[in-house]
Amino acid sequence: MSGQVGLRGKVWFQALTGRDCPLEGDPGSVLTADATLGNETARFLCVVPNPAARFPCARRGEVGLEESYTLAMRVREAIEQDANGTKRPLIAIVDIKSQAYGRREETVAIFLATATAADAYASARMKGHPVIALVVGQAISGGFLTHGYQANRILAFDGSDVVIHAMHKEAAARITLRSVADLDRLGHQIAPMSYDIHDFARLGLLHELLHIADPDKPSPATVAQVQKSLMEAVADARAGSKDLSHRLTSEGAREMRKAGLAARALMEEQWHHD
Amino acid sequence: MSTTIAAPAFVNRHSFIELDARARAQSLMDPGSWRELVGPFDRIESPWLPLQGIAPQSDDGCVVLKGTIAAAPSVVIALEGGFQAGSMGEVSGAKMTAALDLATQDSQKGKKTTAVLLLETGGVRLQEANLGLAAIAEVMASMLVLREHAPIITVIAGTVGCFGGLALAAGLSSYIVMTREARLGMNGPEVIEQESGIEEFDASDRGLIWAINGGEQRVAMGVADELVLDDAQEIAAAVQSYVKAGLPQVHRSQQVELYRRRIAALDTSGQIDPLTLRQSWNNKSREEGKR
Amino acid sequence: MELLEFDYPSAVRHVTRKAHVGVVGSGDMEVLMEPAEKEGAHVSIRTSVNGFGASWKAVLDRFFARYDGAVRIHINDAGATPGSVMLRLEQAVEVIER
């Protein structure tokens, strides 16, 4: 089980790209590299802990100001470089604690910083770049909205320490005035509240749940397995639409998002009424 | 001869903040031009809240009005701050996304349709957690498609303000209109105090909260566009002017280099004085001719 | 969470409009009032506060003692007091009978 959030992300960035440090001029918390994926080059991006970060509240794998603007820059750089050619895949390796919770962050408008990074990822997707999110650890709240959730396809490792959620369990317990045990119980009953990645998979948002034997120390065979899944996701993304409509047509959506789909259908019917 | 004492302007004000989401949305549209879509009588409610003993609302806290503003086709999507703090769930998210997508479809067919978002919200509805978060990601994606055709105007009036994941939606908007009472930030003061300690942010310090997140500060530092009085007519006038202005030359969330450099130039050794940003940030926007 | 239902068969006057008032905030409720499909009035209440069936009936009895519209009423309630309930019902009637 990975100790600190973000370390597994770094392991996988290294495993998939052969590199483990940021590009020149980038902060230590954002790793970017262009590396081979199948028979093409893909750009891999990962947010990792950086104890030396300039912003004290963004040192443990949070997505903060520098992280957001660096991601936005590196994504837009790929868009610009590929403007007249093949749109390289963008692979967001996700293992993030959350967004950065700090006064400096609020003062200088982290809401805009995170929006800017999400805008970049979405713009890439809209221009035809296959954007894939590979959740290897945690993907929480605003951090995930910024780095990963605008992807065409989302893949996640199958593991008890892989969590996609709107808020950490302890914080959620405090805010909703329940115990952590209560939240676990509630999660069994109410799938969207669950912290279990299998329940997340039922919502129809995940492209693939990957069974990984050694997520913290992957063997070459494991790395090859993940690369294969990434390539397949890239191909699937290229064959599909450039928007997120895919998430609404999955079996999981039809099963678990009935009310949302009904609202959508009725809105469409009523919109054209005049 | 009688002497009339003129009532001060504020007495004649019609507070926007005191209106519920539906009344706010109605007040922005050309009278008689609008109709509500997927409204209360359609009863598309949250399937998740009753499972937890929480009373749902017939419109799931999201009001969609289709009509015209300043005679231009528009859709107003308003979140009800009085219901679950305006938080986004499966249904309210679906309504917002669907309305944005339909505005896009119309725009692509030649009927440019502006979206106005009334964001009175704390973000994700924790009782629907992952469906709320997914909905916000989908709202953001749909905004970015519409934004290629027509402007998206966000109004934040208070008292809830705009926090959480939907603060990113505000960040993607073409224009943001705020009152003094309103606040805009990603993380609320309580969450910061909880996650990073009271030294980092004392959530009981109201002065500090508004100094950082308040409408006046956000407009003065150039990350929101206009500060308006809490008056329904004035807010409607502001919205009309942005509808008429159309798409801006560039959106704030596309200005990567500008903001990356600004962040890099900050002295992070201590807290950052919000007032200094009013000088260093807003002046520069004007110089660079961005807005 | 409780779902309560009440019928008032003597409320037979035909109405044509519908009304929606209120927000489901803490201590508040929303009322949806519309013409009933058949004669008589029907009320359904979804409330997050259990055990107040008698209290709801008392308020509704008082309301329908004065109101004879054949309405279908649905209420989503998050703990409104009887006084607030009556107020919301009256606000809805004002819209219907305008």
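This one's a predicted model, so the numbers in the text were calculated from it and none came from an experiment. (Residues numbered from 1 in each chain as written. Chains lettered and ligands numbered in written order. Predicted model: local features only at pLDDT ≥ 70, side-chain atom pairs only at ≥ 80, totals over all residues.)

(A) Local environment of the overall build of chain C. Across its full length, chain C carries two helices and five strands. At 12 Å, chain C has a C-alpha radius of gyration in line with the 13 Å of a compact globule built from 98 residues. Considering only C-alpha atoms, chain C reaches an extent of 35 × 25 × 20 Å along its principal axes. (Helix = DSSP H or I, 4+ residues; strand = E, 2+ residues; numbered from the N terminus. Rg over C-alpha atoms; globule rule 2.2 N^0.38 Å.)

(B) View of the overall build of chain A. The number of helices and strands found in chain A is 12 helices and seven strands. Relative to the 2.2 N^0.38 estimate, which gives 19 Å for 274 residues, the radius of gyration of chain A is 18 Å and therefore close to what a compact globule would have. Taking the principal axes of the C-alpha coordinates as reference, chain A spans close to 50 × 45 × 45 Å. When each of the 274 residues of chain A is scored for burial, the buried share is 55%. If you take every contact in chain A between residues at least 6 apart in sequence, the share linking residues at least 24 apart comes to 70%. (Buried ≥ 20, exposed ≤ 12 C-beta atoms within 10 Å, placed from the backbone. Contact = placed C-beta atoms within 7 Å.)

(C) Region of the structure containing the interface of chain B and chain A. Contact residues are listed per partner, giving 69 residues for chain B and 65 residues for chain A. Contributing elements (two or more residues each) for the side of chain B that touches chain A: strand S2 (62–69), helix H3 (90–108), helix H4 (129–146), helix H5 (166–172), helix H6 (189–196), helix H7 (206–213), helix H10 (256–264) and helix H11 (274–280) of chain B. In terms of residue count, H4(B) provides more of the side of chain B that touches chain A than any other element does, 13 residues in total. A per-class count over the side of chain B that touches chain A returns 42 nonpolar, 17 polar and 10 charged. (Nonpolar A, V, L, I, M, F, W, Y, C, P; charged D, E, K, R; others polar.)

(D) Broad picture of the nonpolar core. In terms of nonpolar packing, the biggest core is built from 180 residues, with A:Val135, B:Met140 and B:Val239 touching the most fellow members. For this core, the domains that each give at least three residues are domain 1 (7–242) and domain 2 (244–274) of chain A. With near-sequence residues (within four places) excluded, A:Val135 lies in contact with A:Val94, A:Gly148, A:Ile154, A:Leu155, A:Ala156, A:Phe157, A:Val162 and A:Ile164. Formed by 26 residues, the second largest nonpolar core is a distinct cluster that contains C:Tyr8, C:Leu60, C:Ala70 and C:Leu89. (Core = buried A, V, L, I, M, F, W, Y, C linked by C-beta atoms within 7 Å. Domains from an automatic or database assignment.)

(E) Representation of the interface of chain C and chain B in the model. Taken residue by residue, the interface counts 15 residues in chain C and 13 residues in chain B. Within the residue set of the side of chain C that touches chain B, elements represented by two or more residues are strand S3 (29–35), strand S4 (41–47) and strand S5 (71–77) of chain C. Among the elements that take part in the side of chain C that touches chain B, S3(C) stands out by supplying three residues, more than any other. Of the residues in the side of chain C that touches chain B, the class split is five nonpolar, five polar and five charged.

(F) Looking closely at H6(B). Every buried residue of H6(B) is accounted for by B:Pro189, B:Val191, B:Ile192, B:Glu193 and B:Glu195. Looking at the buried side of H6(B), the elements it contacts are helix H3 (103–107) and helix H6 (169–176) of chain A together with H7 of chain B. Positive phi appears at B:Gly197, one or two residues downstream of H6(B), with a value of about 100°.

(G) A look at the sheet that holds S5(C). Residue and element names in this part refer to chain C. Spatial strand order, S1-S4-S5-S3-S2: five strands in an open sheet with mixed pairing. The open sheet has two edge strands, strand S1 (2–8) and strand S2 (19–22), and neither has a second partner. Each strand of the sheet is rotated relative to its neighbour by a mean of 10°, with strand direction disregarded. In terms of strand pairing, S3 meets S5 through seven bridges, oriented antiparallel. Looking at S5, one finds that Val-31 is bridged to Ile-75. (Pairing = 2+ DSSP bridges. Axes fitted to C-alpha atoms, helices over the stretch in contact; angles between N-to-C directions.)

(H) Up close: unusual backbone geometry. All names here are of chain B. Gly-158 connects to Thr-159 through a cis peptide bond whose omega is 15°. Relative to the helices and strands, Thr-159 resides in the loop between strand S5 (152–156) and H5. Residue Ala-70 is not a glycine yet carries a positive backbone phi of 50°. Summarising the element assignment, Ala-70 is placed in the loop between S2 and strand S3 (72–79). Overall, the presence of 16 C-beta atoms within 10 Å leaves Ala-70 in the partly exposed class. Backbone geometry at Ala-129 places phi at a positive 20°, although glycine is not the residue there. Structurally, Ala-129 can be placed in helix H4. Ala-129 sits in the buried class, given 28 other C-beta atoms within 10 Å.

(I) Spatial organisation of the environment of B:Met221. Residues and elements named next belong to chain B. Structurally, the position occupied by Met-221 is in the loop between helix H8 (215–220) and strand S7 (226–228). The spatial distance from the C-alpha of Met-221 to the C-alpha of Ala-237 is 23 Å, given a sequence separation of 16 residues. For Met-221, the contacting residues outside a window of four places in its chain are Leu-277, Arg-278, Trp-281 and Asn-282.

(J) Representation of the sheet that holds S3(B) in the model. Residues and elements named next belong to chain B. In spatial order, the strands read S1-S2-S3-S4-S5-S6-S7; together these seven strands make up an open sheet with mixed pairing. Two strands in the sheet have a free side with no partner beyond their single neighbour: strand S1 (35–37) and S7. Taking each pair of neighbouring strands and ignoring which way they run, the sheet shows an average axis angle of 25°. Pairing of strand S6 (residues 175–179) with S7, which is carried by three bridges, proceeds in the parallel orientation. In the sheet register, Val-177 faces S7, and the bridge partner there is Glu-226.

(K) Geometry of the pairing of S2(C). Residue and element names in this part refer to chain C. As paired strands, S2 and S3 are joined by four bridges and run antiparallel to one another. From the neighbouring strand, Val-21 faces S3, where its bridge partner is Val-31. Counting the residues between successive antiparallel strands, the hairpin from S2 to S3 contains six residues, one of them, Gly-27, with a positive phi of roughly 80°.

(L) View of the domain arrangement of chain A. Residue and element names in this part refer to chain A. The domains assigned to chain A are domain 1 (7–242) and domain 2 (244–274). Centre-to-centre, using C-alpha coordinates, domain 1 lies 26 Å away from domain 2. Each partner contributes to the interface: domain 1 provides seven residues, whereas domain 2 provides nine residues.

(M) Main features of the arrangement of the chains. Ranking by contact count across two pairs of chains in contact places chains A and B at the top. A gap remains between chain A and chain C, which never touch, and the nearest two C-alpha atoms on either side lie 15 Å apart.

(N) Representation of the environment of B:Ala224 in the model. Residues and elements named next belong to chain B. Position of Ala-224 among the secondary structure elements: in the loop between H8 and S7. Classification of Ala-224 as buried rests on a count of 25 C-beta atoms within 10 Å. Apart from the residues within four sequence positions on either side, Ala-224 is in contact with Ile-176, Met-178, Leu-184, Gly-215, Arg-218 and Val-219.

(O) Seen up close, helix H9 (residues 220–239) of chain A. All names here are of chain A. The terminal C-alpha atoms of H9, which comprises 20 residues, lie 29 Å apart, in line with the 28 Å expected from a rise of 1.5 Å per residue. Those residues of H9 not exposed but buried are Val-226, Leu-230, Ala-233, Val-234 and Ala-237. Looking down the long axis of H9, one finds its buried residues gathered within 105° of arc, a one-sided arrangement. Counted as exposed and oriented over 90 degrees from the buried face of H9: Pro-220, Ala-221, Ala-224, Lys-228 and Ala-239. Summarising the contacts, the buried residues of H9 are in contact with strand S1 (30–37), strand S3 (90–96), strand S4 (131–140), strand S5 (153–157) and strand S7 (208–210). (Expected span 1.5 Å × (residues − 1). Arc of directions from axis to C-beta.)

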